[in-house]
Amino acid sequence: QEHKFWETQPVGQFKDLGDSSFPEGPIEQPTPLSEVKQEPYNLPTLYEWTVCDMDSDEICNEVYVLLTNNYVEDDDNLFRFNYSKEFLRWGLRPPGYFKNWHIGVRVKSSKKLVAFITAIPVKMRVRDEVVQMAEVNFLCVHKKLRSKRLAPVMIKEVTRRIHLENIWQAAYTAGILLPTPLTTCQYWHRTLNPKKLIDVGFSRLGDRMTMSRAIKLYKLPNSTATPGFRKMEIRDVPKVTILLRGYLSRFVVAPTFDDAEVAHWLLPQENVVDSFVVENSETREVTDFFSFYTLPSSILNNPNYSTLKAAYTFYHVSTKTPLLQLTQDALVIAKQKEFDVFNALDVMENEPFLKELKFGRGDGQLYYYLYNYRLRESLKPSELGLVML
Ligand SMILES: CCCCCCCCCCCCCC(=O)CSCCNC(=O)CCNC(=O)[C@H](O)C(C)(C)COP(=O)(O)OP(=O)(O)OC[C@H]1O[C@@H](n2cnc3c(N)ncnc32)[C@H](O)[C@@H]1OP(=O)(O)O
Ligand SMILES: CCOC(=O)c1cnc2ccc(OC)cc2c1SCCC#N
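Criteria and thresholds
- Sequence order as written defines residue numbering, which begins from 1 separately in each chain.
- Chain letters start at A and ligand numbers start at 1, both assigned in the order the entries are written.
- Since the coordinates come from a predicted model, pLDDT governs what is reported: local features require at least 70, and pairs of side-chain atoms require 80 or more to be given and counted, while whole-chain, interface and lining totals use all residues.
- For side-chain calculations, the full set of non-hydrogen atoms in the structure is used, while hydrogens and water are omitted.
- Helical segments are the DSSP runs of H or I of at least four residues, strand segments are the runs of E of at least two, and each set is numbered from the N terminus.
- In this analysis, the expected span of each helix is defined as 1.5 Å times one less than the number of residues it contains.
- For each residue, the accessible area found with a 1.4 Å probe, counting protein chains only, is set against the maximum for its type, and the residue is called buried under 20%, exposed over 50%, and partly exposed in between.
- We call a residue near a molecule or strand whenever a single non-hydrogen atom of that residue lies within 4 Å of it.
- Definition of a polar contact: a pair of N or O atoms within 3.5 Å, with one able to donate and the other able to accept a hydrogen when the atoms are protein atoms, and with sequence-neighbouring residues admitted only if both atoms are side-chain atoms.
- Every accessible area reported is derived by Shrake-Rupley at a probe size of 1.4 Å, with residue values counting cover from the shown protein chains alone.
- Should any heavy atoms of two residues lie within 4.5 Å, those residues are considered in contact.
- Here the nonpolar group is Ala, Val, Leu, Ile, Met, Phe, Trp, Tyr, Cys and Pro; Asp, Glu, Lys and Arg are the charged ones; every other residue, Gly included, is treated as polar.

(A) Expanded view of helix α1 (residues 57-70). With 14 residues, α1 should cover 20 Å at 1.5 Å per step; its first-to-last C-alpha distance of 20 Å lies within 8% of that length. All of the buried residues in α1 are Ile-59, Cys-60, Val-63, Leu-66, Leu-67, Thr-68 and Asn-70.

(B) Quick look at the site of ligand 1. The immediate surroundings of ligand 1 are formed by 34 residues, with His-3, Trp-6, Leu-139, Ser-147 and Ala-151 found nearest. Residue Phe-138 places a main-chain N or O atom 3.1 Å away from an oxygen atom belonging to ligand 1. Take Val-141: an N or O atom from its main chain is 2.9 Å from an oxygen atom of ligand 1. Within the complex, the protein chains bury 88% of what would otherwise be the 1200 Å² of accessible surface of ligand 1. Counting residues per element, the ones that place at least two in the shell around ligand 1 are β5 (129-141), α3 (150-163) and β6 (169-174).

(C) Region of interest: the environment of Ala-311. Mapped onto the elements of the fold, Ala-311 is located in strand β14 (residues 310-318). C-alpha separation for the pair Ala-311 and Phe-79, spaced 232 residues apart in sequence, amounts to 14 Å. In this structure Ala-311 touches Phe-292, Tyr-293, Phe-339, Val-341, Phe-342 and Asn-343, once residues within four positions along its chain are discounted.

(D) Local environment of the site of ligand 2. Taken together, the neighbourhood of ligand 2 is formed by 13 residues, with Glu-73, Tyr-187, His-189, Ser-297 and Asn-343 sitting nearest. Within the backbone of Asp-74, a nitrogen or oxygen atom sits 3.4 Å from an oxygen atom of ligand 2. Between His-189 and ligand 2, the recorded distance is 3.4 Å, taken from a side-chain N or O atom to a nitrogen atom. Surface burial for ligand 2 is 90%, taken as the share of its 490 Å² of free accessible area covered by protein chains. Elements represented by at least two residues in the shell around ligand 2 include exactly β2 (79-81), β7 (183-191) and β15 (341-345). The residue makeup of the shell around ligand 2, split by class, is eight nonpolar, three polar and two charged.

If you want it as structure tokens, here you go:
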């Protein structure tokens with residue numbers, strides 16, 4: 001099928017699939033910075049570029065409102081992601097971030113924010129190479145401005161600004177198939193509130209499954225089981241950094257985290273990210289770690305519910321406590337915090353515990369992509385150590 005824009009981009013092309021004669025690595029070489037386009041790409045006349053300063057409560061709110069009404073919906077239009085303002089501030093301002101990579105489009109006359117795209121810097125390891133990349137996310141065009149080829153302009157503009165920082169690779173995900181996925185991942189869902197998921201139409205009662213049986217099926221203990229399981233604190237950062245770096249070195253593609261990045265991404269923040277460590281009471285050693293992030297969704301067209309409270313597994317490391325038990329404890333915490341569902345991708349070593357802990361396979365795929373970087377063949381999800389928001 002035609003990809004008029006993506007055919008022009010340095011990404012693996014569908015026509016080249018199966019041709020393993022290409023070398024692994026960058027597809028295009030860097031351009032001298034003096035040759036990178038200095039001025040922004042042209043927008044249609046009525047629109048103008050704007051930098052969205054996420055420190056400003058007013059602008060952060062405009063971004064929040066645009067995404068709340070126009071961001072990703074599932075195929076059955078049951079849900080639309082409802083990233084919170086504090087989540088957006090967290091996700092978009094990691095150490096070393098660039099304000100002018102938080103790009104908006106406004107209507108010149110009304111100043112209404114009608115489109116958005118972001119990038120953040122990440123040091124990504126691909127096999128044995130650490131490559132400075134950008135993670136591109138939150139691409140959104142207002143529903144009223146769809147199918148006007150605005151997205152390619154947004155993508156070219158964020159690419160230009162990233163190039164100006166002498167960065168030539170990027171990573172991104174999408175729920176749609178584009179040229180050409182690094183890997184294809186599967187969502188899995190662990191029901192915590194069966195009644196609500198049935199009422200909203202996500203889950204169905206099988207013919208032998210009554211509501212009370214469904215509630216019993218998904219019941220969880222009232223407290224965690226692992227001795228030494230506690231909330232992560234700032235004093236844990238150095239040990240968690242060592243644990244996480246060690247664990248992520250197992251995967252073909254994974255981000256590298258220094259202490260500052262672990263502190264940013266993994267220290268608990270209410271309604272944004274929860275993280276736990278297992279500390280051995282004798283040795284004081286931190287042996288395991290688990291985290292999940294909070295991403296609610298608006299429930300569309302339902303008379304009884306407006307919001308789905310969803311937790312998403314983030315990064316975790318198990319060296320002593322079995323991952324199954326660690327995840328079970330995270331489920332217990334999520335249930336205590338009244339999450340309705342606990343979501344996970346089949347990346348890293350997640351697949352084994354998913355089935356054991358009564359996760360159901362979702363019907364949505366998540367495709368991972370690299371920009372301007374070719375791998376000889378696509379990866380299995382278990383070879384990927386990257387979770388994107
Ligand atoms: C070195 C640095 C490099 C940095 C850049 C790296 C690359 C970063 C890439 C971005 C990563 C973002 C990751 C991310 O944010 C996470 S995925 C979430 C994307 N956002 C949504 O789904 C929100 C709801 N949808 C919309 O707002 C619009 O439908 C969007 C804006 C999605 C498309 O607006 P539209 O009005 O529906 O469509 P046109 O403007 O007419 O444009 C159609 C063209 O856009 C291509 N398209 C559609 N959806 C795409 C998607 N999700 N990725 C990439 N490309 C996408 C499509 O294939 C076609 O090109 P083709 O003709 O070649 O097929
Ligand atoms: C109950 C299980 O489904 C979801 O949690 C959920 C919630 N909101 C969404 C909004 C947009 C959306 O667009 C693909 C999907 C969802 C999903 S399923 C895929 C995410 C996961 N796990």
